[in-house]
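Chain by chain, the residues run as shown.
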Amino acid sequence: MREETRGHQYDFLNCQHPSGPVPKLPATSPPATVPADSSKPIELEQIKAKTEQQEGPTPTPMPEDKRIGYALVGLGHLTLNQILPAFGACTKSKVVALVSGSPEKMQKVATQYGIKKESCYSYADYDKLRDNQDVQAIYIVLPNGMHAEYTIRGAQAGKHILCEKPMANSVAECQAMIDACKKADRKLMIAYRIQYEPHNKMVREMVQKEQFGKVKSIIANNGQNSDNPKHWRFNKALAGGGSLPDVGLYCLNTIRFVLAEEPTEVMGYVHSTPNDPRFKEVEEQVNWLMKFPSGVQASCATSYGHHDDKSYRVLADTGWIKMDPAFPYTGLKLETSQAQGTENQIIQHNIADKDHFATEMDHFSECLLANKVPFTPGEEGLQDQKIMEAIYQSARDGKPVKLESVTKKDAFRGEEPAA
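To keep things clear, this report deals only with the structure shown in the data block. Keep in mind that this is a model prediction, so the values were computed, not measured.

## Some thoughts on the sheet that holds strand β18 (residues 343–349)
Right, on to step 1. Taken in spatial order, the nine strands of this open sheet run β18-β17-β16-β15-β11-β14-β13-β12-β19, and their pairing is mixed. What marks the edges here is a single partner per strand, and that holds for β18 and β19 (401–402).
Right, on to step 2. Inspection of the sheet shows strand β13 (residues 285–291) paired to strand β14 (residues 297–303) by seven bridges, in the antiparallel sense. Its bridge partner being in β14, V286 is matched across the sheet by T302.

## Some thoughts on helix α9 (residues 378–397)
The α-helix winds at 3.6 residues per turn, so residues separated by three or four positions along the chain end up facing the same way.
Right, on to step 1. Over its 20 residues, α9 extends 29 Å from the first C-alpha to the last, a length consistent with the 28 Å expected when each residue adds 1.5 Å.
Right, on to step 2. Phi for G398, located one or two positions after α9, is positive at around 70°.

## Overview of the packing of aromatic side chains
Right, on to step 1. Per the stated rule, a full pass over the model turns up 10 aromatic pairs.
Right, on to step 2. Ring geometry for Y196 against F375: centres 6.2 Å apart, planes inclined by 75°, an arrangement best described as edge-to-face. Pair noted here: Y196 is in the loop between β10 (188–190) and α5 (198–208) and F375 is in the loop between α8 (356–370) and α9, with a separation of 179 residues, a long-range link.
Right, on to step 3. Overall, Y196 belongs to the buried group, its relative accessible area being 4%.
Right, on to step 4. Joined through ring pairs, the aromatic side chains of Y123, Y126 and Y150 make up one cluster.

## Quick notes on the side chain of H363
Right, on to step 1. In this structure, H363 sits in helix α8.
Right, on to step 2. H363 gets classed as buried once you look at its relative accessible area, which sits at 8%.
Right, on to step 3. If we ignore the near neighbours within four places in the chain, the residues touching H363 are M189, Y196, P374, F375, E415 and P417.

## Observations concerning the pairing of strand β11 (residues 215–225)
Right, on to step 1. Where β11 and strand β15 (residues 305–316) come together, nine bridges link them in antiparallel fashion. Among the inter-strand pairings, N221 is bridged to a residue of β15, identified as S311.
Right, on to step 2. In the sheet, β11 pairs with β14 via seven bridges, with the strands oriented parallel. Looking at the pairing, N222 lines up with T302 of β14.

## With respect to the sheet that holds strand β9 (residues 160–163)
Right, on to step 1. Strand order in the open sheet formed by six strands is β7-β6-β5-β8-β9-β10, with parallel pairing between adjacent strands. Looking at strand neighbours, the two that pair on one side only are β7 (120–121) and β10, the edges of this open sheet.
Right, on to step 2. Pairing analysis gives three bridges linking β9 to β10, with the strands arranged parallel. Counted as the bridge partner of C163 is I190 from β10.
Right, on to step 3. Most of the contacts of helix α3 (residues 147–156) go to β9, to which it runs at about 160°, and overall it touches β5 (68–73), β8 (137–140), β9 and β10.

How each quantity is defined
Residues numbered from 1 in each chain as written. Predicted model: local features only at pLDDT ≥ 70, side-chain atom pairs only at ≥ 80, totals over all residues. Heavy atoms only, no water. Pairing = 2+ DSSP bridges. Helix = DSSP H or I, 4+ residues; strand = E, 2+ residues; numbered from the N terminus. Expected span 1.5 Å × (residues − 1). Phe/Tyr/Trp six-rings, centres within 6.5 Å; stacked < 30°, edge-to-face > 60°. Buried < 20%, exposed > 50% of the residue type's maximum accessible area, 1.4 Å probe, protein only. Contact = heavy atoms within 4.5 Å. Axes fitted to C-alpha atoms, helices over the stretch in contact; angles between N-to-C directions.

Below, the structure written as C-alpha coordinates:
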(Lines give C-alpha, C1' and ligand atoms only; values in the text may rest on other atoms or scores of the structure.)
Protein backbone atom coordinates (compact mmCIF):
# COMPACT_ATOMS: atom_id res chain seq x y z
CA MET A 1 0.00 0.00 0.00
CA ARG A 2 1.42 3.42 -0.99
CA GLU A 3 0.25 6.92 -0.11
CA GLU A 4 1.49 10.34 -1.30
CA THR A 5 1.63 13.22 1.19
CA ARG A 6 3.20 16.61 0.46
CA GLY A 7 5.17 15.17 -2.41
CA HIS A 8 6.75 12.36 -0.38
CA GLN A 9 6.07 8.70 -1.03
CA TYR A 10 5.61 6.38 1.96
CA ASP A 11 6.08 2.66 1.52
CA PHE A 12 4.16 1.33 4.53
CA LEU A 13 4.38 -2.24 3.29
CA ASN A 14 8.17 -2.23 3.43
CA CYS A 15 8.32 0.15 6.39
CA GLN A 16 10.26 2.80 4.50
CA HIS A 17 9.98 6.39 5.69
CA PRO A 18 11.86 9.53 4.64
CA SER A 19 12.94 10.10 8.26
CA GLY A 20 14.41 6.63 8.60
CA PRO A 21 13.45 2.97 8.95
CA VAL A 22 10.42 1.93 11.02
CA PRO A 23 11.34 -0.91 13.41
CA LYS A 24 9.99 -4.37 12.62
CA LEU A 25 9.72 -6.35 15.88
CA PRO A 26 8.72 -9.98 16.34
CA ALA A 27 5.13 -10.46 17.51
CA THR A 28 5.04 -11.88 21.01
CA SER A 29 2.31 -12.89 23.43
CA PRO A 30 2.73 -12.03 27.13
CA PRO A 31 3.24 -15.06 29.40
CA ALA A 32 0.00 -16.57 30.66
CA THR A 33 -1.25 -19.72 32.35
CA VAL A 34 -4.26 -21.13 30.53
CA PRO A 35 -6.12 -23.71 32.66
CA ALA A 36 -7.64 -26.68 30.89
CA ASP A 37 -10.85 -26.08 32.85
CA SER A 38 -12.79 -23.42 30.89
CA SER A 39 -14.41 -22.18 34.12
CA LYS A 40 -11.02 -21.16 35.56
CA PRO A 41 -9.62 -17.70 34.65
CA ILE A 42 -6.55 -17.18 32.47
CA GLU A 43 -3.69 -16.09 34.73
CA LEU A 44 -1.68 -13.23 33.27
CA GLU A 45 1.84 -12.23 34.26
CA GLN A 46 2.21 -9.98 37.28
CA ILE A 47 2.76 -6.31 36.43
CA LYS A 48 2.09 -4.58 39.76
CA ALA A 49 4.22 -4.72 42.87
CA LYS A 50 2.70 -7.00 45.51
CA THR A 51 2.41 -3.99 47.80
CA GLU A 52 -0.11 -2.40 45.37
CA GLN A 53 -3.82 -3.10 44.93
CA GLN A 54 -4.07 -6.09 42.63
CA GLU A 55 -6.44 -6.64 39.72
CA GLY A 56 -9.12 -9.26 40.08
CA PRO A 57 -9.16 -12.44 38.02
CA THR A 58 -9.77 -12.17 34.29
CA PRO A 59 -13.41 -12.64 33.22
CA THR A 60 -14.37 -16.25 32.55
CA PRO A 61 -17.63 -16.21 30.62
CA MET A 62 -19.24 -19.55 29.90
CA PRO A 63 -19.79 -20.49 26.25
CA GLU A 64 -22.95 -18.83 24.97
CA ASP A 65 -24.84 -22.09 24.60
CA LYS A 66 -24.14 -23.06 28.23
CA ARG A 67 -25.49 -19.87 29.85
CA ILE A 68 -28.90 -19.60 31.50
CA GLY A 69 -31.44 -17.89 29.25
CA TYR A 70 -33.60 -15.17 30.82
CA ALA A 71 -36.92 -13.67 29.81
CA LEU A 72 -37.29 -10.10 31.06
CA VAL A 73 -40.83 -9.13 32.02
CA GLY A 74 -41.32 -5.37 31.90
CA LEU A 75 -39.33 -2.80 29.93
CA GLY A 76 -39.26 0.21 32.26
CA HIS A 77 -36.44 2.30 33.72
CA LEU A 78 -34.70 -0.51 35.60
CA THR A 79 -34.74 -2.98 32.72
CA LEU A 80 -33.59 -0.55 30.04
CA ASN A 81 -31.05 1.40 32.09
CA GLN A 82 -29.57 -1.31 34.31
CA ILE A 83 -30.59 -4.93 33.70
CA LEU A 84 -30.23 -5.21 29.93
CA PRO A 85 -26.78 -3.54 29.86
CA ALA A 86 -25.72 -5.78 32.78
CA PHE A 87 -25.88 -8.89 30.60
CA GLY A 88 -22.67 -7.62 28.97
CA ALA A 89 -20.90 -8.23 32.29
CA CYS A 90 -22.54 -11.61 32.95
CA THR A 91 -20.60 -14.85 32.65
CA LYS A 92 -23.42 -17.36 33.22
CA SER A 93 -26.51 -15.49 32.02
CA LYS A 94 -27.96 -14.20 28.76
CA VAL A 95 -31.16 -12.44 27.70
CA VAL A 96 -33.21 -14.46 25.21
CA ALA A 97 -36.80 -13.21 25.53
CA LEU A 98 -38.87 -10.12 26.34
CA VAL A 99 -42.38 -9.54 27.69
CA SER A 100 -43.95 -6.10 27.36
CA GLY A 101 -47.23 -4.29 26.82
CA SER A 102 -45.58 -1.97 24.28
CA PRO A 103 -44.92 -3.76 20.93
CA GLU A 104 -43.10 -0.73 19.51
CA LYS A 105 -40.71 -0.46 22.46
CA MET A 106 -40.19 -4.23 22.57
CA GLN A 107 -39.35 -4.38 18.86
CA LYS A 108 -36.68 -1.72 19.25
CA VAL A 109 -35.14 -3.40 22.30
CA ALA A 110 -35.20 -6.81 20.61
CA THR A 111 -33.33 -5.36 17.64
CA GLN A 112 -30.78 -3.70 19.92
CA TYR A 113 -30.05 -6.88 21.86
CA GLY A 114 -30.40 -9.49 19.14
CA ILE A 115 -33.54 -11.15 20.51
CA LYS A 116 -35.58 -13.22 18.09
CA LYS A 117 -38.97 -11.89 17.04
CA GLU A 118 -40.65 -15.13 18.09
CA SER A 119 -39.21 -14.66 21.61
CA CYS A 120 -41.11 -11.40 22.17
CA TYR A 121 -44.38 -11.73 24.07
CA SER A 122 -47.28 -9.56 25.18
CA TYR A 123 -48.66 -9.91 28.70
CA ALA A 124 -51.58 -11.83 27.22
CA ASP A 125 -49.08 -14.28 25.66
CA TYR A 126 -46.95 -14.57 28.82
CA ASP A 127 -47.90 -18.19 29.49
CA LYS A 128 -46.52 -19.18 26.06
CA LEU A 129 -43.06 -18.92 27.59
CA ARG A 130 -43.77 -22.51 28.58
CA ASP A 131 -42.92 -23.57 25.02
CA ASN A 132 -39.71 -21.53 24.67
CA GLN A 133 -36.85 -23.92 25.41
CA ASP A 134 -34.31 -21.08 25.28
CA VAL A 135 -35.80 -19.65 28.48
CA GLN A 136 -34.85 -21.27 31.78
CA ALA A 137 -35.49 -18.27 34.06
CA ILE A 138 -37.85 -15.32 34.19
CA TYR A 139 -36.78 -11.98 35.70
CA ILE A 140 -39.89 -10.09 36.84
CA VAL A 141 -39.39 -6.31 36.73
CA LEU A 142 -43.01 -5.20 37.09
CA PRO A 143 -44.85 -2.95 39.57
CA ASN A 144 -44.93 -4.56 43.01
CA GLY A 145 -48.63 -5.41 42.88
CA MET A 146 -48.06 -7.59 39.80
CA HIS A 147 -45.19 -9.67 41.24
CA ALA A 148 -47.35 -12.40 42.74
CA GLU A 149 -49.44 -13.07 39.63
CA TYR A 150 -46.51 -13.22 37.22
CA THR A 151 -44.36 -15.26 39.60
CA ILE A 152 -47.11 -17.84 40.00
CA ARG A 153 -47.87 -17.98 36.28
CA GLY A 154 -44.17 -18.15 35.44
CA ALA A 155 -43.62 -21.08 37.80
CA GLN A 156 -46.66 -22.83 36.38
CA ALA A 157 -45.08 -22.37 32.95
CA GLY A 158 -42.10 -24.36 34.21
CA LYS A 159 -39.62 -21.50 34.61
CA HIS A 160 -37.44 -20.47 37.55
CA ILE A 161 -38.19 -17.00 38.92
CA LEU A 162 -35.98 -14.04 39.80
CA CYS A 163 -38.26 -11.30 41.16
CA GLU A 164 -37.48 -7.67 41.92
CA LYS A 165 -37.91 -6.33 45.45
CA PRO A 166 -40.12 -5.74 47.30
CA MET A 167 -41.32 -9.28 46.82
CA ALA A 168 -45.03 -8.36 46.82
CA ASN A 169 -47.63 -6.18 48.52
CA SER A 170 -48.61 -8.49 51.37
CA VAL A 171 -47.48 -11.46 53.43
CA ALA A 172 -50.24 -13.54 51.82
CA GLU A 173 -48.98 -12.73 48.32
CA CYS A 174 -45.39 -13.59 49.29
CA GLN A 175 -46.47 -16.93 50.72
CA ALA A 176 -48.51 -17.71 47.60
CA MET A 177 -45.42 -17.09 45.45
CA ILE A 178 -43.30 -19.40 47.59
CA ASP A 179 -45.97 -22.10 47.55
CA ALA A 180 -46.43 -21.92 43.77
CA CYS A 181 -42.70 -22.25 43.09
CA LYS A 182 -42.39 -25.18 45.49
CA LYS A 183 -45.38 -26.91 43.92
CA ALA A 184 -43.86 -26.48 40.46
CA ASP A 185 -40.39 -27.48 41.74
CA ARG A 186 -38.97 -24.17 40.52
CA LYS A 187 -36.46 -21.94 42.29
CA LEU A 188 -37.45 -18.47 43.50
CA MET A 189 -34.97 -15.70 44.26
CA ILE A 190 -35.62 -12.09 45.28
CA ALA A 191 -33.31 -9.55 43.66
CA TYR A 192 -31.62 -8.05 46.72
CA ARG A 193 -28.63 -6.72 44.78
CA ILE A 194 -26.97 -5.20 47.87
CA GLN A 195 -26.40 -8.68 49.34
CA TYR A 196 -24.23 -9.55 46.31
CA GLU A 197 -22.31 -6.25 46.16
CA PRO A 198 -18.65 -6.23 47.37
CA HIS A 199 -18.70 -3.09 49.58
CA ASN A 200 -21.71 -4.19 51.59
CA LYS A 201 -20.38 -7.76 51.74
CA MET A 202 -17.19 -6.39 53.28
CA VAL A 203 -19.24 -4.54 55.92
CA ARG A 204 -21.01 -7.80 56.75
CA GLU A 205 -17.65 -9.57 57.08
CA MET A 206 -16.27 -6.85 59.36
CA VAL A 207 -19.34 -7.07 61.58
CA GLN A 208 -19.40 -10.86 61.72
CA LYS A 209 -15.68 -10.98 62.59
CA GLU A 210 -16.18 -8.22 65.19
CA GLN A 211 -13.35 -6.28 63.60
CA PHE A 212 -14.38 -3.20 65.59
CA GLY A 213 -15.78 -5.05 68.57
CA LYS A 214 -19.46 -5.47 69.36
CA VAL A 215 -21.95 -3.51 67.30
CA LYS A 216 -24.09 -1.22 69.45
CA SER A 217 -26.30 0.61 66.98
CA ILE A 218 -26.90 1.28 63.29
CA ILE A 219 -28.22 4.47 61.71
CA ALA A 220 -29.57 4.16 58.16
CA ASN A 221 -31.36 6.39 55.67
CA ASN A 222 -32.50 5.92 52.09
CA GLY A 223 -34.51 8.80 50.71
CA GLN A 224 -35.00 10.73 47.51
CA ASN A 225 -37.20 13.45 46.06
CA SER A 226 -39.57 11.50 43.81
CA ASP A 227 -41.96 13.18 41.39
CA ASN A 228 -44.74 12.49 38.86
CA PRO A 229 -47.93 11.66 40.79
CA LYS A 230 -49.09 9.61 37.79
CA HIS A 231 -46.23 7.13 38.17
CA TRP A 232 -47.22 3.67 39.45
CA ARG A 233 -45.14 4.14 42.61
CA PHE A 234 -47.78 6.60 43.86
CA ASN A 235 -50.61 4.12 43.18
CA LYS A 236 -51.20 1.98 46.27
CA ALA A 237 -52.65 -0.99 44.39
CA LEU A 238 -49.52 -1.21 42.25
CA ALA A 239 -46.90 -0.11 44.80
CA GLY A 240 -48.29 -1.46 48.07
CA GLY A 241 -46.94 1.55 49.92
CA GLY A 242 -44.74 4.57 49.43
CA SER A 243 -41.12 5.14 50.37
CA LEU A 244 -40.91 2.20 52.81
CA PRO A 245 -41.30 -0.77 50.41
CA ASP A 246 -39.51 1.03 47.59
CA VAL A 247 -36.35 2.60 49.03
CA GLY A 248 -36.70 2.16 52.80
CA LEU A 249 -36.54 -1.58 52.26
CA TYR A 250 -32.82 -1.21 51.50
CA CYS A 251 -32.19 -0.01 55.06
CA LEU A 252 -34.25 -2.83 56.55
CA ASN A 253 -32.84 -5.62 54.43
CA THR A 254 -29.21 -4.45 54.53
CA ILE A 255 -29.21 -4.21 58.33
CA ARG A 256 -30.61 -7.74 58.59
CA PHE A 257 -27.95 -8.89 56.10
CA VAL A 258 -25.06 -7.18 57.92
CA LEU A 259 -26.08 -8.44 61.37
CA ALA A 260 -27.26 -11.89 60.14
CA GLU A 261 -30.03 -11.70 62.75
CA GLU A 262 -33.69 -10.74 62.93
CA PRO A 263 -35.36 -7.90 64.85
CA THR A 264 -37.55 -8.70 67.82
CA GLU A 265 -39.46 -5.41 68.00
CA VAL A 266 -40.20 -2.39 65.79
CA MET A 267 -41.61 1.08 66.36
CA GLY A 268 -42.76 3.11 63.35
CA TYR A 269 -43.82 6.64 62.48
CA VAL A 270 -45.40 7.70 59.18
CA HIS A 271 -45.88 11.19 57.78
CA SER A 272 -47.07 12.74 54.50
CA THR A 273 -47.16 16.41 53.58
CA PRO A 274 -50.82 17.50 53.54
CA ASN A 275 -52.30 18.27 50.11
CA ASP A 276 -49.23 17.01 48.24
CA PRO A 277 -50.71 15.26 45.15
CA ARG A 278 -48.00 12.62 45.27
CA PHE A 279 -49.18 11.28 48.61
CA LYS A 280 -52.90 10.83 48.20
CA GLU A 281 -52.55 7.03 48.39
CA VAL A 282 -49.03 6.23 49.64
CA GLU A 283 -46.86 7.63 52.42
CA GLU A 284 -44.08 10.16 51.98
CA GLN A 285 -41.86 9.45 54.98
CA VAL A 286 -41.33 6.61 57.44
CA ASN A 287 -39.01 6.56 60.46
CA TRP A 288 -38.64 3.39 62.47
CA LEU A 289 -36.64 1.72 65.20
CA MET A 290 -35.63 -1.96 65.38
CA LYS A 291 -34.35 -3.98 68.35
CA PHE A 292 -32.24 -7.10 67.80
CA PRO A 293 -31.50 -10.06 70.10
CA SER A 294 -27.81 -9.10 70.35
CA GLY A 295 -28.78 -5.74 71.84
CA VAL A 296 -28.21 -3.78 68.63
CA GLN A 297 -30.70 -0.98 68.06
CA ALA A 298 -31.24 0.40 64.57
CA SER A 299 -32.69 3.80 63.68
CA CYS A 300 -33.92 4.04 60.10
CA ALA A 301 -35.54 6.66 57.89
CA THR A 302 -36.87 6.81 54.37
CA SER A 303 -38.63 9.46 52.32
CA TYR A 304 -39.92 10.40 48.89
CA GLY A 305 -39.67 14.09 49.76
CA HIS A 306 -36.05 15.05 50.47
CA HIS A 307 -32.81 15.34 48.53
CA ASP A 308 -30.95 12.09 47.82
CA ASP A 309 -29.32 10.50 50.84
CA LYS A 310 -28.46 6.81 50.76
CA SER A 311 -26.22 5.89 53.65
CA TYR A 312 -25.74 3.93 56.85
CA ARG A 313 -23.31 3.81 59.74
CA VAL A 314 -22.49 0.87 62.01
CA LEU A 315 -21.37 2.01 65.46
CA ALA A 316 -19.29 -0.50 67.44
CA ASP A 317 -17.38 -0.22 70.70
CA THR A 318 -13.91 0.25 69.15
CA GLY A 319 -14.74 1.87 65.81
CA TRP A 320 -17.35 2.62 63.18
CA ILE A 321 -18.13 1.56 59.62
CA LYS A 322 -19.74 4.01 57.21
CA MET A 323 -21.26 3.44 53.79
CA ASP A 324 -21.98 6.74 52.03
CA PRO A 325 -23.38 6.33 49.50
CA ALA A 326 -24.52 2.81 50.29
CA PHE A 327 -27.37 1.92 47.93
CA PRO A 328 -26.91 3.45 44.43
CA TYR A 329 -25.98 1.28 41.44
CA THR A 330 -22.42 2.73 41.23
CA GLY A 331 -20.01 4.89 43.20
CA LEU A 332 -20.41 3.23 46.61
CA LYS A 333 -17.94 4.33 49.28
CA LEU A 334 -16.82 2.48 52.39
CA GLU A 335 -15.01 4.18 55.27
CA THR A 336 -13.95 2.94 58.70
CA SER A 337 -12.59 4.61 61.82
CA GLN A 338 -10.58 3.22 64.72
CA ALA A 339 -8.27 4.75 67.31
CA GLN A 340 -4.57 3.78 67.32
CA GLY A 341 -2.92 5.26 70.39
CA THR A 342 -2.99 9.05 70.04
CA GLU A 343 -4.14 8.76 66.43
CA ASN A 344 -7.68 8.28 65.18
CA GLN A 345 -7.42 6.49 61.85
CA ILE A 346 -10.04 6.97 59.16
CA ILE A 347 -9.57 4.55 56.30
CA GLN A 348 -11.21 4.78 52.90
CA HIS A 349 -11.54 1.30 51.40
CA ASN A 350 -11.04 1.38 47.65
CA ILE A 351 -12.92 -1.64 46.29
CA ALA A 352 -13.49 -2.26 42.61
CA ASP A 353 -17.12 -1.87 41.56
CA LYS A 354 -19.07 -4.85 40.26
CA ASP A 355 -22.26 -4.58 38.27
CA HIS A 356 -24.93 -5.33 40.88
CA PHE A 357 -27.37 -6.84 38.41
CA ALA A 358 -24.82 -8.99 36.61
CA THR A 359 -23.62 -10.32 39.97
CA GLU A 360 -27.09 -11.23 41.22
CA MET A 361 -28.20 -12.76 37.90
CA ASP A 362 -25.06 -14.87 37.68
CA HIS A 363 -25.64 -16.07 41.24
CA PHE A 364 -29.14 -17.21 40.31
CA SER A 365 -27.78 -18.87 37.18
CA GLU A 366 -25.16 -20.67 39.28
CA CYS A 367 -27.93 -21.90 41.57
CA LEU A 368 -29.81 -23.31 38.58
CA LEU A 369 -26.71 -24.92 37.10
CA ALA A 370 -25.59 -26.44 40.41
CA ASN A 371 -29.06 -27.01 41.91
CA LYS A 372 -28.46 -24.79 44.95
CA VAL A 373 -30.81 -22.71 47.07
CA PRO A 374 -30.37 -19.00 46.21
CA PHE A 375 -28.82 -16.82 48.90
CA THR A 376 -31.92 -14.59 48.87
CA PRO A 377 -34.85 -16.98 48.32
CA GLY A 378 -38.53 -16.17 48.65
CA GLU A 379 -38.39 -16.65 52.43
CA GLU A 380 -36.03 -13.66 52.64
CA GLY A 381 -38.58 -11.46 50.90
CA LEU A 382 -41.39 -12.81 53.06
CA GLN A 383 -39.51 -11.87 56.23
CA ASP A 384 -39.02 -8.30 55.04
CA GLN A 385 -42.72 -8.05 54.24
CA LYS A 386 -43.64 -9.24 57.74
CA ILE A 387 -41.40 -6.58 59.27
CA MET A 388 -42.74 -3.80 57.03
CA GLU A 389 -46.31 -4.69 57.92
CA ALA A 390 -45.33 -4.53 61.60
CA ILE A 391 -43.83 -1.05 61.06
CA TYR A 392 -47.06 0.17 59.47
CA GLN A 393 -49.08 -1.41 62.29
CA SER A 394 -46.92 0.31 64.89
CA ALA A 395 -47.43 3.67 63.20
CA ARG A 396 -51.21 3.16 63.15
CA ASP A 397 -51.42 2.01 66.76
CA GLY A 398 -48.82 4.40 68.16
CA LYS A 399 -46.92 1.69 70.06
CA PRO A 400 -44.14 -0.90 69.48
CA VAL A 401 -44.93 -4.19 67.79
CA LYS A 402 -43.18 -7.38 68.85
CA LEU A 403 -42.06 -9.82 66.16
CA GLU A 404 -41.78 -13.58 66.14
CA SER A 405 -38.51 -14.64 67.76
CA VAL A 406 -35.90 -16.01 65.35
CA THR A 407 -32.69 -17.26 66.98
CA LYS A 408 -30.92 -18.83 63.99
CA LYS A 409 -28.40 -16.67 62.13
CA ASP A 410 -29.17 -16.08 58.44
CA ALA A 411 -32.39 -17.92 59.09
CA PHE A 412 -33.99 -17.20 55.71
CA ARG A 413 -30.96 -17.27 53.41
CA GLY A 414 -29.45 -19.99 51.28
CA GLU A 415 -25.81 -20.87 50.81
CA GLU A 416 -23.57 -17.79 50.75
CA PRO A 417 -22.07 -17.04 47.31
CA ALA A 418 -18.40 -17.96 47.03
CA ALA A 419 -17.48 -14.57 45.55
